[in-house]
Each structure stands twice: as structure tokens, then as C-alpha cells.
Amino acid sequence: MSADTLSTEARSRKFGAQEADGIVRCDACPVLCRIRPGRSGACSRYANEAGHLVRTDPVVLLHDAAEAGAKLVPFGAAEWDGRVLDPSRTFVTGIGAGTTYPDYKPAPFIVASEHEGVETVTVVTEGIFSYCGVKVKIDTDRHLGPERAAIRVNGEEVGHVTTAEYGSQMLSVGGVRHLTGGSKKEGSVTCDTLLRLCAGDSVTMTIDGGHEVVVQAGRAPIVDGTPEQRMRVGCGSATVGIFARQWLGHADEVIVVDDHITGVLTEHQAGKVLGMRPAGIRVKGRRSTPGRYFQVANPGIGWGGTDIADPLGIIQAIDPATAWPGLRLLMTSTTGEHALWLVLDDDLKPVPAEMPAPVRQVVDRIGENCEPSLCTVLFMAGAGGSLRAGVTENPVLLTRSVAAGETKVTMGGAPVTVWPGGGITVMADVTRLPRNAFGAVPTPAIVAPIEFTLPRDLYARLGGHDGDVVAMADVLREVGPAARIDGWNPDHPWPAGEVA
């Protein structure tokens, strides 16, 4: 590709067709907006500038300047001469690159660079993802809603509750059936919800048969107006096992209340190994193995993710043949946020008392071992045939190369998880991408950056668009003055280094 051709593409990305009255029809997505001079399209990502279709956002270049200590040039600096950025330490991301729609075109940027003596190619584009969504991990013991319950935003169904994991509740939001399979409003709200979650904004959701939760990537969830503080140290049984020795001699019985597995110390194997005397306090629920009880209460936002506010409600019976007056009982939750110290009176009734300092210290240690409660948002999408056609004329070869680990996939330079099996299905932590990495088009669909990095000779063998490869130095010379330049995240592996 010549420098003149690159200049034209850097300006207009070869999109659009001119019509009468200076109108340009944008073909960057299936909506095909007709844009008048000085206006932008429905997505606000493309505009008509003097009869040329241009991107309203700059291409994002990531510069690894940590070792050299080089000063990054601010966006839009008129004096930029293309020599500040080192081509070997610069990565062109898909953010602001443009799309391959209507799918027959090569990717907007196919960039050649050298890493440790190996010539590599990075194919850079923005994918239009109808098959996409986010998986949300919410660190809390609180019961947010029944599994498979619908998640709603502004009354529209946008996803569902999925399986609970260890100390976290999991949500699935988006997906093609909500984006395109429901009403127009459902698709629009789902798309907006995904875009806000991927941008790191807060989204208020309600769960059928459950509770309201405010989700924001990298922030604590807010359940029914209360910010969460802690992720549990473990289930009730695990908590008993972890701290059993520290309670020995200070408490005669410990019950750790948990929606899933409530632990009872003296029945638990940990208590038996430590030689603790049976306490004769039986809790409600279904006994699993010694000292481990399921279903002691209903799920909720009370003690240990149950619906109880008074932990004594889970005590089914106290055996007078085994228990004794003065028996010291601790009841605590899996986060230590709830704790109650009790002593049995002469009638073997639990009476609240002041918690001894050694016991309080262990309860505090439970809290100390709880990690901060956060929301994690993973963007998940399938890279389909149209996107892959921008890389190679034979898309299945790219799929096989990615599956074999020969081709490295990134999103905005951030590492992704590639799912095994057919196709190219990826997941990325949205907090690891540069800011403003995601967009949307009103089809509805999410627009997200994606890059494929591989050795130059492998690219040729895959049937890649070799005639459209441009040297990194030429890309920097032509698009650098209008680019947004961000620093490389030192926690990310350099993509070329993983394929060289």
C-alpha cells in the first residue's frame, strides 16, 4: 500500500459513497446511514466532513515507553513529526480503527513490525458484535435472586442469574437473543446496558424474585441500597476448619451460618481432631457430613446469605444430656460482619453476653481474611466470519491458527481468554482495556476493538491480505498526528513477543 493510499484511508477509511447534495452513505455497519455535511451518523462514530466519511474518534496507539522513559505526545499536538514513537514499541489498537463491513474488505490496518528479529503482522479492526454479552461476577454472600431469574433494566429483560460460585454471585447479561430476538426496546436497552457496563459506568438492575443491585466494574456492588464490603472467607464449613484451632479453649461451640454449608465446630472433623467435647446443639437443615448442614434457612440478604436476622432461629434443639450450663457459644457469619456471643443459662437457654477479647480477635480475623467485595465485568463475544474475512480470504485458517496458539488475540491491546472449541470466542476484563474502547451501532450491536498478531510468514500461509500490509513506521507517519496515544499497560504481555 502506498503512502498516498494510506493517507486517504487514515482520513476516511475507504467507507461511504457520495450521493447528491453532499450526502454520504456510511457503510461501516448494516444501518447504512445517509449523513448530511457536518453531521454524524446514528452511532455518532462516523461523520460527513466535506463529503468524506471520517471517524469521529481517533485511532488509539499504545506506546511502551517504560524502559526508555520517553515523553508521550499529547493527542492533537500539531508539532508531532512521527519520530517520537518508536515503531518497535508501538501497538496499533482496534479502538477507532473502523470496521470491515460490508465484510469483503481487508481490515482497516494490517501493520508489519519487527520483534526480536522476527517480522510480525498485527491485523487491526473493530468488530460489530451482535453475538456478545458480559459475564458479571459479584463478590457477595447476599442472595440476589433465584438461579435463572430474569435481570431487568428499566423494566426490560437483559439477562439472567446464573450459577453461584465460591463467594460470588454470577450474572449473564446480553447475548444475541436479547439484542435481536426480543422487542426493539429490549434490544436497545440491552445494548445500552452492555455499553455502560463495558465503559465502567454503574447500572442499576432488578432481579425477578430477588433484589436490586447496582453493578459497576471494579467497584463494590450495592444491594438494595447498601454497599457490600467483604467477600466471604469461605463457606461455613471451611471457616470452621480455618479457625478451629484459634477458637480452641475460648469457645465450647461455634456455628458459622451460611446459606450453602453451615458449619458446627464440635461435630466437624476439625473439632473432633482437636478433641473438643460435643456440645449437643443441633441446627436446622439437612445434615450432609458431620458438622456440615445444608438449607438451614432460605436464601436472603441476612446472616451468611440467608434470610435470617436472628441466628438463634436456626437452632433446632439443645440436648440436655449433652449440653451444660455455662456453655460458651459463638455464632458468626462467613464474613465476620455478623457475630453473637452467647452463654447457656441454667435452663440451657442461650443468653447474649459480652464477647471475650480472644474470641473477638478471631472474628475480626475472619473479616481480615475477606477480600474486598467487587464487581468484575468480562466482555464476551464471538468473532464471526465477517470479521475474520478482514484478516484472510479463508477464515477457517485463522480460526485454526488462534486455536493452536499461533495467532495472538487482543482487544485494545489487552489479553483475552480464548475459549476452546469451534469459532473464536473471547472474553476480556473491561477494566484492562483503554478508556472509551467500546461503542455501539443501532442494529443493535456492540462495537469492540480486536487485534490478531502473528508472524508475517504465517500470515501469508493463512491466505492473509498480504498486499495490504503497511509498515508500522508508515502508519505512525500518516495517522500519528491525529491519533490518541496512551501508555502501554506494563501488566500486559507484548503481543508480538508471544508469537515471535
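Throughout this document, residue positions are counted from 1 along each chain, in the order its sequence is written. Given that this is a predicted model, residues contribute local features only at a pLDDT of at least 70 and side-chain atom pairs are listed and counted only at 80 or more, while totals for whole chains, interfaces and linings are drawn from all residues. Hydrogen atoms and water are omitted, and side-chain values are computed over all heavy atoms in the structure.

Per an unreviewed UniProt entry, the protein goes by the name 6-hydroxynicotinate reductase and belongs to Methylobacterium platani JCM 14648.

This next bit is on empty space enclosed by the protein. Leftover empty space is mapped by rolling, across the atoms, a probe with the size of a water molecule. In this analysis, the protein atoms alone were mapped onto a 1 Å grid. Cavities are point sets where a 1.4 Å probe fits without being able to get out; pockets are open sets with protein on both sides within 12 Å along at least five of seven lines; lining residues have an atom within 4 Å of a point. Grid points are joined across faces, edges and corners, and a volume is the space filled by probe spheres set on the points. As enumerated under the stated definition, the model contains three cavities of 30 Å³ or more in all. Its boundaries defined by the atoms lining it, the largest cavity holds a volume of some 100 Å³. Every residue lining the largest cavity is counted, 15 residues in all, and those nearest its centre are Thr-90, Phe-91, Ser-113, Trp-494 and Ala-496. By the criteria applied, helices consist of DSSP H or I runs no shorter than four residues and strands consist of E runs no shorter than two, each listed in order from the N terminus. With four residues, the single largest contributor to the lining of the largest cavity is strand S8 (residues 109–115). For the lining of the largest cavity, the class distribution of residues is seven nonpolar, seven polar and one charged. If you add up the space inside the second largest cavity, you get close to 80 Å³. Contributing to the lining of the second largest cavity are Cys-26, Ala-28, Cys-29, Leu-32, Cys-33, Gly-41, Ala-42, Cys-43, Arg-45, Tyr-46, Val-441 and Pro-442. The residue inventory of the lining of the second largest cavity, partitioned by class, reads 10 nonpolar, one polar and one charged. The classification used treats Ala, Val, Leu, Ile, Met, Phe, Trp, Tyr, Cys and Pro as nonpolar, Asp, Glu, Lys and Arg as charged, and all other residues, Gly among them, as polar.

Of the volumes computed, that of the second largest pocket is approximately 250 Å³. Considering the residues around the second largest pocket, the lining is formed by 15 residues, among which Ile-128, Phe-129, Ser-130, Ser-386 and Leu-387 are closest to the centre. Elements supplying a minimum of two residues to the lining of the second largest pocket: strand S9 (118–129) and helix H7 (385–389). The element that contributes the greatest number of residues to the lining of the second largest pocket is S9, accounting for four residues. Looking at the lining of the second largest pocket residue by residue, the class counts come to six nonpolar, seven polar and two charged.

Spatial ordering of the open sheet is given by S21-S22-S19-S18-S24-S25-S26, a layout of seven strands whose pairing is mixed. Of all the strands in the sheet, just strand S21 (286–287) and strand S26 (350–352) have a single pairing partner and so form its edges. What makes two strands pair is DSSP finding at least two bridges between them. Sheet analysis places strand S18 (residues 253–257) next to strand S19 (residues 262–264), joined by two bridges and oriented antiparallel. Directly across from Val-256, in S19, lies its bridge partner Gly-263. Against the sheet, helix H4 (residues 236–247) touches S18, S19, strand S22 (292–294) and strand S24 (328–333), its axis set at about 30° to S19. Throughout, a contact is declared for two residues whenever any of their heavy atoms are within 4.5 Å. Note on method: axes are straight lines fitted to C-alpha atoms, helices fitted across the in-contact stretch only, with angles between N-to-C directions ranging 0 to 180 degrees. In this fold helix H6 (residues 357–368) packs onto S24 and strand S25 (339–344), with an angle of close to 15° to the strand it touches most, S24.

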